[in-house]
Amino acid sequence: MKILTQSTRRYLAASAAALGLVAVLWLAQSQTVEAQPGTPVASGTSSGPLPLGAMAQAVPARSAATVVPASAPPVEVRGLPDFTVLVDLVGPAVVNIRTVERVRRGGSPEDQMQEFFRRFGIPLPPGMSPRGPQGPQEGPEIERPRGVGSGFILTPDGFILTNAHVVEGASEVVVTLNDEREFTARVVGSDRRTDVAVVKIEATRLPTVRIGDVNRLRVGEWVMAIGSPFGLENTVTAGIVSAKQRETGEFLPFIQTDVAINPGNSGGPLINMRGEVVGINSMIYSRSGGFQGISFAIPIDEAMVVADQLRATGRVTRGRIGVAIAAVDRETAETMRLPRATGALIRGVENNSPAARGGIEPGDVILSFDGKAVERSTDLPRIVAGTAPGSRVPVRVWRQGAERTLTVTVAAFEDERTARAGERDAEPPAATPAAQRLGLHLREPTAAERRSLRIEGGVWVAAASGAAARAGLLADDVILAIGNRPVASVREFEAAAAAVPQNRPVHVLVRRGDWTQYAIIRP
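Let us look at the structure shown here. (Residues numbered from 1 in each chain as written. Predicted model: local features only at pLDDT ≥ 70, side-chain atom pairs only at ≥ 80, totals over all residues. Heavy atoms only, no water.)

Our focus in this paragraph is the overall build of the chain. The helix and strand tally for the chain stands at 13 helices and 27 strands. Relative to its full complement of 523 residues, the chain shows a buried share of 40%. Summarising the internal contacts of the chain: among those between residues at least 6 apart in sequence, 61% fall at separations of at least 24. Just so you have it, the chain exposes about 29200 Å², and 54% of that area is on carbon and sulfur atoms. (Helix = DSSP H or I, 4+ residues; strand = E, 2+ residues; numbered from the N terminus. Buried < 20%, exposed > 50% of the residue type's maximum accessible area, 1.4 Å probe, protein only. Contact = heavy atoms within 4.5 Å. Areas by Shrake-Rupley, 256 points an atom, 1.4 Å probe, with all protein chains shown as cover.)

Take a look at the structure:
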């Protein structure tokens, strides 16, 4: 047995005394008696220690009438979510989509160089004639992988939802299920404006996803994605909803998340914690080509409206009225004597359009369309597009400090891919010296294209590279004039371009869709 030293005994004695004092104070508080009115309370002015009873009386009593401030309600703190159940629930309905395209292999060095430019999206140098889809091709036709994406099964009989850009331009679409079975899919329909596509495989009793309610989705909520980034099938990533109603598309308000999305995730589902699909992962914001913390998903309610039309008819029908719009800010609202900044400001009205026939004028502000409020300018295209063509709808506008109601008959939005039966094919692009110097390959529009654009002259831009691309010209633009000289054929364009001194900027009048603008080409 070890013997304690004298210093150790003194330390233990002091500790015991301190513990005894704590016990006495605790006992005094636990035995506190509420003071009755008129009962004297010890003042504690004596120089000696208070007796235990006096100490108890000296403790302030809590009156029955005393109001104690209520503490804030406790915040429920949850641990990190466990996604394993969701993966087991939704994973079997997520598919990998692999696409193949047929191309002709060119044997010349120029063909190989052009393939390099095409693959990496580099404009063709001046003097290089476009081949591939827009020019002559030589050599045998071969198949090569085009891309990898994702999708998810809507119905047990094999309807699958994905992105339009995943299947666009593919000669063959191969779907791989979670159980490693492969099917060749048929593209039922795709819509480039919303980037939604439906494909079909011949199978039965397939697992399906559950469709969620986007209106219940909240910013800050946990979400999960399943897809095939870089071809790595069944990859699971997770994050939170960063924002809703993010305006990055023409017809869709996107869901913004911080879920890791990379090439190959496109078309895969965005899943909430209830195991429901709330979006289609579609794009990322990146300066490097890889994920940088910002990704976007198409809201599933908007996607299903498009998918239902694609399954029924193979195409999407939208309404249009023919206006150009702008946002209404606070200064604009004050200038126009609007009570608040709301609606869509009409910048221009297309000639002989439904809007023009209905009496809408530039400078009007559309406040509601078909009874639906237009809070922001971006609301109007979506509302109009969702209105059935042929419908006569009331349009409430603000004009000259007062409201008025007009009636507009909605027209159909023409599908740019629809070709008229019996029309001759477009002429192949002409490789003329002056046009090539500007980076242009031109052809003459077909009769159908002239009727569609309501033009009599002009030349069609088959490809733009070099100086023309730097000036902002795009394929399918129509050049109406060069140097203030109207042109009606490739020959006239060549003559007008040849008259301009080399290295001199050239002014061209360009028609793009329903709008006309000037561009300056600097060789």
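In this section: the layout of surface pockets. Volume-wise, the second largest pocket comes out at about 450 Å³. What lines the second largest pocket is a set of 21 residues, among which Glu302, Arg382, Ile383, Ala385 and Gly386 lie closest to the centre. Every element with two or more residues in the lining of the second largest pocket is listed here: helix H6 (300-313), strand E18 (372-373) and helix H9 (379-385). (1 Å grid on protein atoms, 1.4 Å probe; cavity = no way out; pocket = protein on both sides within 12 Å on 5 of 7 lines; lining within 4 Å. Points joined across faces, edges and corners; volume = space filled by probe spheres on them.)

Right, let's talk about helix H13 (residues 490-498) for a bit. Residues of H13 that are buried include every one of Val490, Phe493, Glu494, Ala496 and Ala497, and no others. Projected down its long axis, H13 shows its buried positions confined to an angular sector of 170°, all on one face. Away from its buried face, by an angle of more than 90 degrees, H13 presents the exposed residues Arg491 and Ala498. Where H13 is buried, its residues meet helix H10 (433-437), strand E22 (440-443), strand E23 (459-464), strand E24 (478-482) and strand E25 (485-486). (Arc of directions from axis to C-beta.)

Moving on, we get to a nonpolar patch on the surface. A cluster of nonpolar side chains, contributed by Leu80, Trp222 and Met273, occupies part of the molecular surface with about 320 Å² of accessible area. One can find Trp222 in strand E8 (residues 222-227). For Trp222, a relative accessible area of 33% gives the class partly exposed. (Patch = residues over 30% accessible without salt bridge, like charges linked within 9 Å, V, L, I, M, F, W, Y side chains within 5 Å. Salt bridge = Lys/Arg side-chain N within 4 Å of Asp/Glu carboxyl O.)

Now for the nonpolar core. Of all hydrophobic cores here, the largest spans 40 residues; its most connected members are Phe152, Leu161 and Ile300. Looking at this core element by element, the count peaks at six residues for H6. (Core = buried A, V, L, I, M, F, W, Y, C linked by side-chain atoms within 4.5 Å.)

What follows is about the environment of Met283. Considering the arrangement of structural elements, one finds Met283 in strand E12 (residues 276-284). With eleven residues separating them along the chain, Met283 and Ile294 place their C-alpha atoms 9.0 Å apart.

The subject of this paragraph is the environment of Glu221. Counting through the fold element by element, Glu221 comes out in the loop between strand E7 (210-211) and E8. In the structure, Glu221 is positioned 36 residues away from Thr257 in sequence and 9.6 Å away in space, judged by C-alpha atoms. When sequence neighbours within four positions are dropped, the list of residues in contact with Glu221 reads Arg216, Gly239, Ile240, Val241, Asn272, Met273 and Arg274. Side-chain polar atoms of Glu221 contact the backbone nitrogen of Arg218, separated by 3.1 Å. (Polar contact = N/O pair within 3.5 Å; in protein donor to acceptor, adjacent residues only side chain to side chain.)

The terminal C-alpha atoms of H6 lie 20 Å apart, and with 14 residues this matches the ideal 20 Å at 1.5 Å per residue to within 8%. All of the buried residues in H6 are Ile300, Ala303, Met304, Val306, Ala307 and Leu310. The buried residues of H6 occupy an angular sector of 165° when the element is viewed end-on, so they sit on one face. Among the exposed residues of H6, those oriented more than 90 degrees off its buried face are Ala312 and Thr313. (Expected span 1.5 Å × (residues − 1).)

This part is about the pairing of strand E19 (residues 392-399). One ladder, built from four bridges, connects strand E17 (residues 365-369) with E19; its direction is antiparallel. What sits directly across from Ile366, in E19, is Val397. The pairing of E19 with strand E20 (residues 402-409) spans eight bridges and is antiparallel. Paired with Pro394 across the bridge in E20 is Thr407. A loop of two residues connects E19 with E20, the two strands running antiparallel in sequence, and Gln400 in this loop sits at a positive phi of about 55°. (Pairing = 2+ DSSP bridges.)

With that out of the way, let us pick up the pattern of salt bridges. On inspection of all chains with the given rule, the structure shows 14 salt bridges. Between Glu182 and Arg98 there is a salt bridge; the shortest N-O distance is 3.5 Å. In this pair, Glu182 sits in strand E5 (residues 182-191) while Arg98 sits in strand E1 (residues 94-104), placing the two residues 84 residues apart along the sequence. Taking the shortest distance from any N to any O, the salt bridge between Glu403 and Arg396 comes out at 3.1 Å. Here the salt bridges share partners, and the residues they tie into one network are Glu361, Asp364 and Arg399.

What follows deals with the packing of aromatic side chains. Evaluated as defined, the whole model comprises two aromatic pairs. Plain terms: the ring middles of Phe83 and Trp222 are 6.0 Å apart, the flat faces sit at 65° to each other, and that makes the pair edge-to-face. Of the two residues, Phe83 sits in the loop between helix H2 (52-58) and helix H3 (84-90) while Trp222 sits in strand E8, which places them 139 residues apart along the sequence. Ring centres of Phe254 and Phe296 lie 6.3 Å apart, and the angle between their planes is 75°; on these two criteria the pair is classed as edge-to-face. Of the two residues, Phe254 sits in strand E10 (residues 253-257) while Phe296 sits in strand E13 (residues 295-299), which places them 42 residues apart along the sequence. Across the pair, exposure class does not vary: Phe254 and Phe296 are buried alike. Directly above the aromatic system of Phe159 lies the positively charged group of Lys200, at a separation of 5.4 Å from the ring centroid. Across from the ring centre of Phe159, 4.4 Å away, lies the NZ or CZ of Arg311, which sits over that ring. (Phe/Tyr/Trp six-rings, centres within 6.5 Å; stacked < 30°, edge-to-face > 60°. Lys NZ or Arg CZ within 6 Å of the ring centre and 35° of its normal.)

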